[in-house]
Amino acid sequence: MTTRTLPPKCGAYNVAEEWMEGEPFSWERVHPVFSWYQTGNVNMAYECVDRHVEEGKGDKIALHYFTESEEETYTYKELQQEVNRWSNVLKAHGVKKGDFVFVFLPKHPYCHIAMLAAIKIGAVVGPLFEAFMEEAVKDRINDCDGEYLITDLKFLDRVNRDEIPSLKTVFTTDFELAGSDVSITKEAAEADDTADTVWVDLDDGLNIHYTSGSTGKPKGIIHAHRNMIQQYQTGRWVLDLKEGDVYWCTAHPGWVTGTVYGVFAPLLNGVTTVIHGSRFSAKSWYQVLEQAKVSVWYSAPTAYRMLMAEGDKTLNKYNLYSLRHILSVGEPLNPEVIHWGERTLNLRIHDTWWMTETGAQLVANLPTRTIKPGSMGRPIPGIEVAVLDDNGEILPAGKTGHLAIKSSWPSLMKEVWKNQEKFNSYFPYGPEWYIAGDLAYLDEDGYVFFQGRSDDMINSSGERIGPFEVESKLIEHEAVKEVGVIGKPDPVRGEIVKAFIALNPGYDGSEELLEEIRLFVRKGLAAHVAPKEIEVVEELPKTQISGKVLRRELKKRDTEKAG
Ligand code: 6R9
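Residues numbered from 1 in each chain as written. Predicted model: local features only at pLDDT ≥ 70, side-chain atom pairs only at ≥ 80, totals over all residues. Heavy atoms only, no water.

Draft legend 1. Spotlight on the pattern of salt bridges. Tallied over the entire structure, the rule returns 41 salt bridges. Linking Asp 245 and Arg 324 is a salt bridge whose minimum nitrogen-to-oxygen distance equals 2.7 Å. Taken as a pair, Asp 245 in the loop between α8 (228–237) and β10 (246–249) and Arg 324 in the loop between α12 (312–315) and β13 (325–328) lie far apart in primary sequence, 79 residues in all. For the pair shown, Asp 245 and Arg 324 are each scored as buried. Between Arg 551 and Glu 471 there is a salt bridge, with its nearest N and O atoms 2.7 Å apart. Residue Arg 551 is located in helix α17 (residues 551–562), and its partner Glu 471 is located in helix α15 (residues 467–476); the two are separated by 80 residues in the primary sequence. For the pair Arg 551 and Glu 471, one class covers both residues: buried. (Salt bridge = Lys/Arg side-chain N within 4 Å of Asp/Glu carboxyl O. Helix = DSSP H or I, 4+ residues; strand = E, 2+ residues; numbered from the N terminus. Buried < 20%, exposed > 50% of the residue type's maximum accessible area, 1.4 Å probe, protein only.)

Below, the structure is given as structure tokens:
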């Protein structure tokens with residue numbers, strides 16, 4: 001087992017409490033950090049790149065790219081030159097302020113460069129998830145009549161141009177190509193490595209991310225350059241980024257986490273960002289952590305659960321001593337996973353909560369604060385959270401209801417593209433409270449406990465049961481690898497608790513085992529929440545982009561099966 005001592009508590013972290021002293025915190029206190037505070041000139045790309053070069057940090061590594069066979073670095077100076085070249089090419093082909101530029105690329109420095117180049121000239125960047133198929137690509141570009149796309153030849157067969165009539169120019173990152181497309185790398189090689197930044201307003205569009213609601217086509221969430229205020233500050237407070245850090249966010253920019261905390265926040269904070277180009281495997285991930293000497297690591301529960309299932313033997317082959325801070329987002333972080341982190345790495349995994357629409361973290365476990373496993377942490381300074389009942393009244397501690405955020409904060413979405421009605425739906429009780437669509441309760445200390453999405457709540461014999469608590473208990477059982485819990489319609493009880501489980505290797509789905517698992521929940525949690533039905537599955541359905549367990553899908557399959 002790896003042993004290590006925790007970093008000293010005081011002085012080692014970017015403590016958020018420092019901002020809480022004296023006058024109440026307001027986001028305006030962060031403004032002087034940015035060059036626009038002095039100059040009035042706003043642009044995210046400038047604050048991410050140029051500014052560090054101007055401040056003498058040009059030789060510092062900005063991007064460190066790994067695959068199983070390659071390794072490549074870009075200093076801040078090199079990144080600046082590359083972004084400038086690409087932005088000159090984009091400009092030469094007509095891209096201008098306010099245009100949508102979609103970026104459909106694998107995890108690679110080109111993805112960062114493409115995004116920053118578009119932003120530098122005032123365009124709105126739309127990163128598309130690398131595993132999207134034809135339909136997903138088409139729906140998104142068509143929704144906002146996108147004219148420009150940066151992609152590569154390997155992805156191009158998933159772009160059906162006949163069905164995307166608005167598309168004017170396709171740039172590819174391949175050097176040689178046929179046809180009318182533009183090789184952005186080839187033209188960039190000959191382009192000037194200096195470029196003018198297009199200055200924008202704090203509220204001008206920066207990026208668009210599509211969220212899939214439970215019904216209908218995905219909605220385009222548009223964010224503005226103003227987001228940098230909260231993205232920089234949460235990078236400091238929550239990710240705890242500091243001068244010497246090597247930081248790795250495992251998400252692709254097509255998921256909002258990969259854009260905000262994979263591109264913007266680390267660059268705003270001037271640290272070294274690791275990009276891993278290969279597919280997930282426990283070995284390759286541990287290898288990246290070791291080889292790049294990652295100090296701060298941001299990933300998702302589904303990945304941590306996979307690493308946990310791989311076992312300590314693999315983990316112990318690697319030297320992971322450079323790690324000092326680990327974070328999680330996207331799904332409930334099961335206490336079992338936190339305990340795994342403590343046991344194997346002697347580090348606590350810090351949960352964070354936010355959404356595409358919120359633009360940055362709002363609730364988090366700050367590095368210096370006590371973690372309560374099972375809780376997502378507390379609202380960060382500048383953010384006020386409440387739990388409301390169905391009438392919009394504030395509920396006391398301990399009561400589960402709608403998780404609500406006091407409006408507004410710097411990184412709240414600017415608009416839902418061409419859908420004011422959808423935007424308004426986040427404020428059903430008036431403009432004061434943003435409603436997340438999540439259910440939660442607060443404890444006496446203000447810690448937020450996630451209970452599920454509003455539509456995931458189980459009502460059994462009048463008891464409201466949050467699926468997450470049951471899932472977390474189930475996953476503590478040694479046979480259980482992954483789990484999804486739903487409410488199954490029942491004529492007597494309204495709903496019963498049903499669990500879908502994937503088993504660890506070496507376990508069968510025998511009745512004895514399932515009974516033992518059921519008992520484990522009865523004893524460990526409560527009789528009425530123990531799953532009445534358990535179904536063993538090979539794999540759980542998950543969202544493509546962020547790997548969230550799709551309880552909705554489980555429910556649908558279950559109803560279909562029941563006929
Ligand atoms: C960043 C991101 C948002 C939804 C959110 C909630 C779930 C996110 C979570 C979490 C439990 C956490 N979620 N963080 N649930 N604990 N720490 O994930 O954005 O893809 O838009 O999803 O994800 O349900 O409402 P997005």
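Draft legend 2. Focus on the sheet that holds strand β15 (residues 363–364). The strand order β2-β1-β11-β10-β12-β13-β14-β15-β16 describes an open sheet built from nine strands, whose pairing is mixed. Because the sheet does not close on itself, it has two edges, and the strands there are β2 (71–75) and β16 (378–379). Here strand β14 (residues 349–353) pairs with β15 via two bridges, running antiparallel. Bridged to Thr 352 within β15 is Ala 364. Contacts between helix α3 (residues 76–92) and the sheet are confined to β1 (61–66) and β2, with β2 contributing the most and set at about 85 degrees to the helix. (Pairing = 2+ DSSP bridges. Contact = heavy atoms within 4.5 Å. Axes fitted to C-alpha atoms, helices over the stretch in contact; angles between N-to-C directions.)

Draft legend 3. The arrangement of the site of the ligand in detail. Near the ligand, the surroundings consist of 18 residues, among which Thr 352, Thr 356, Asp 438, Arg 453 and Lys 548 are the closest. A distance of 2.8 Å is found between an oxygen atom of the ligand and a side-chain nitrogen or oxygen belonging to Asp 438. One of the side-chain N or O atoms of Lys 548 is found 2.8 Å from an oxygen atom in the ligand. Elements represented by at least two residues in the shell around the ligand include exactly α9 (256–268), β14 and β21 (448–453). Per-element tally for the shell around the ligand: the top contributor is β14, with three residues. (Near = heavy atom within 4 Å. Polar contact = N/O pair within 3.5 Å; in protein donor to acceptor, adjacent residues only side chain to side chain.)

Draft legend 4. Molecular detail of the pairing of strand β9 (residues 219–224). Where burial is concerned, most of β9 is hidden: six out of the six residues are buried. Of the two faces of β9, the one holding Lys 219, Ile 221 and His 223 and the one holding Gly 220, Ile 222 and Ala 224 are both buried throughout. The sheet contact formed by strand β8 (residues 205–211) and β9 spans six bridges and is antiparallel. Counted as the bridge partner of Tyr 210 is Gly 220 from β9. Here two bridges tie β9 to strand β19 (residues 415–416), and the two strands are oriented antiparallel to one another. The residue of β19 that forms the bridge with Ile 222 is Glu 415.

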